[in-house]
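Below, each chain spelled out in residue letters.
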Amino acid sequence: MPLHDDEMNMRREKREAQRRKQQAEAKRLRITLILAAVVLALGIGLALVSRFRARTTQSFAVTLAILPVVVQVVIMLVNGNIGAGVAVAGAFSLVRFRSAPGTAREIGVLFLAMAIGLATGMGYVVLAALTFVIVSAVLLGLTACGFGRPNAQERVLKITIPEDLDYEGLFDDLLGQYTAAHELVKVKTTNMGTLYELEYRVILPGDTVPKAFLDALRCRNGNLNIVCGRETAKEAL
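None of these values were measured; they are calculated from a predicted model.

Val-69, Val-70, Leu-77, Leu-118, Leu-142 and Phe-147 are the most contacted members of the largest nonpolar core, which totals 29 residues. It is helix α2 (residues 58-78) that provides the largest number of residues to this core, a total of eleven residues. Residue contacts for Val-70: discarding those within four places in its chain leaves Phe-111, Leu-112 and Ala-115. Listed in part, the 14 residues of the second largest apolar core include Leu-157, Leu-170, Leu-198 and Leu-204.

On inspection of all chains with the given rule, the structure shows two aromatic pairs. Seen in terms of ring centroids, Tyr-167 and Tyr-196 are 5.6 Å apart; in terms of plane orientation they differ by 65 degrees. Their pairing is edge-to-face. With Tyr-167 in the loop between β1 (154-162) and α6 (172-178) and Tyr-196 in strand β3 (residues 195-203), the pair connects residues that are 29 residues apart, well separated along the chain.

A separate point is the pattern of salt bridges. Any two side chains of opposite charge can pair, given that their charged atoms come close. With the rule as written, the count across this model stands at six salt bridges. For Arg-220, the salt bridge goes to Asp-173, with nearest N and O atoms at 3.1 Å. Placement of Arg-220 in helix α7 (residues 211-221) and of Asp-173 in helix α6 is noted, with a sequence separation of 47 residues between them. When its relative accessible area of 30% is taken as the criterion, Arg-220 is described as partly exposed. Of the residues examined, Asp-173 reaches a relative accessible area of 45% and is grouped as partly exposed. Salt bridges linked by common partners bring Lys-211, Asp-215 and Arg-218 together as one network.

Let us look at the packing of α2 against helix α5 (residues 125-144). Where α2 meets α5, the axes come as close as 10 Å, and the angle between the chain directions of the two elements is 165 degrees. By the criterion of interaxial angle, the relationship of α2 to α5 is roughly antiparallel. Both α2 and α5 take part in a crossing whose hand is right-handed. Taking contact as the criterion, the partners of Gln-58, Val-62, Ala-65, Ile-66, Val-69, Val-73 and Leu-77 in α2 are, on α5, Leu-127, Thr-131, Val-135, Val-138, Leu-139, Leu-142 and Thr-143.

On to unusual backbone geometry, then. Even without glycine at this site, Asn-191 takes up a positive phi of about 55 degrees. Look at Asn-223: it is not a glycine, yet its phi comes out positive at around 60 degrees. Topologically, Asn-223 is positioned in the loop between α7 and β4 (226-229).

This next bit is on the packing of α2 against helix α4 (residues 104-121). Contact geometry of α2 with α4 gives a least axis separation of 9 Å together with a crossing angle of 20 degrees. Relative to α4, the element α2 is oriented roughly parallel. Seen from above, α2 lies across α4 with left-handed handedness. In this structure, α2 uses Ser-59, Phe-60, Thr-63, Leu-67, Val-70, Val-74, Leu-77 and Val-78 to contact α4, whose residues at the interface are Ala-104, Arg-105, Gly-108, Phe-111, Leu-112, Ala-115, Leu-118 and Ala-119. Per-class residue counts for the contact of α2 with α4 are twelve nonpolar, three polar and one charged.

Take a nonpolar patch on the surface next. On the surface, a nonpolar cluster with roughly 310 Å² of combined accessible area is contributed by Ile-34, Val-38 and Leu-42. Checked against the element boundaries, Ile-34 lands in helix α1 (residues 2-50). Looking at Ile-34, the relative accessible area reads 56%, which means it is exposed.

Rules used in this analysis
Residues numbered from 1 in each chain as written. Predicted model: local features only at pLDDT ≥ 70, side-chain atom pairs only at ≥ 80, totals over all residues. Heavy atoms only, no water. Core = buried A, V, L, I, M, F, W, Y, C linked by side-chain atoms within 4.5 Å. Buried < 20%, exposed > 50% of the residue type's maximum accessible area, 1.4 Å probe, protein only. Helix = DSSP H or I, 4+ residues; strand = E, 2+ residues; numbered from the N terminus. Contact = heavy atoms within 4.5 Å. Phe/Tyr/Trp six-rings, centres within 6.5 Å; stacked < 30°, edge-to-face > 60°. Salt bridge = Lys/Arg side-chain N within 4 Å of Asp/Glu carboxyl O. Axes fitted to C-alpha atoms, helices over the stretch in contact; angles between N-to-C directions. Parallel < 35°, antiparallel > 145°, perpendicular 65-115°, else oblique. Left-handed = near helix turned anticlockwise from the far one by under 90°. Nonpolar A, V, L, I, M, F, W, Y, C, P; charged D, E, K, R; others polar. Patch = residues over 30% accessible without salt bridge, like charges linked within 9 Å, V, L, I, M, F, W, Y side chains within 5 Å. Areas by Shrake-Rupley, 256 points an atom, 1.4 Å probe, with all protein chains shown as cover.

Any functional reading would require information beyond the geometric quantities listed.
Below, the structure written as structure tokens:
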């Protein structure tokens, strides 16, 4: 009988230990989800701050919003495990410096894939699934709503003029007539210093470049080169 009682006590203690372990894992999961929501909000706020009076690509803005929560999951998984931390740091550096340069979004998705793989490898399958669902939903939602997308009416206008023309205020009347806003951002010499190239950032009132605007500029600059188009996104890290 004493042997039977000891066996029952051991089973009871084992069930109690399993129950406490499940409660601890559930509590940790709840804390992780709460922290993920807070970190996502902070990431979106950081992306908005980075765009204040600055020009960034949509890919960079969206990646900046989701990257903090990916890093949070990785840190929580390797917390206290020095070996896992060193392995993760090495793997992340290989992704960044031993692969072909990619856009900010591609690098961010690679980090997300590594975080999910790390979580499943350590046995946190539910955490990996929730991380995938939450981050993917935020990524798709931010992309669909145009978060971080540049102004559709913004254009880069390059005008070539002879060196004997004074470019100060030369096109201000035309720019004021045909654009909603304009700014001279760069002046450089071309063709062995015989020409000037003026680069403006302009915001058009519509989605197309008016032909009358270009014709007026051509009359003013002596029918030299004029280029007006959207700026090519430089997203490679």
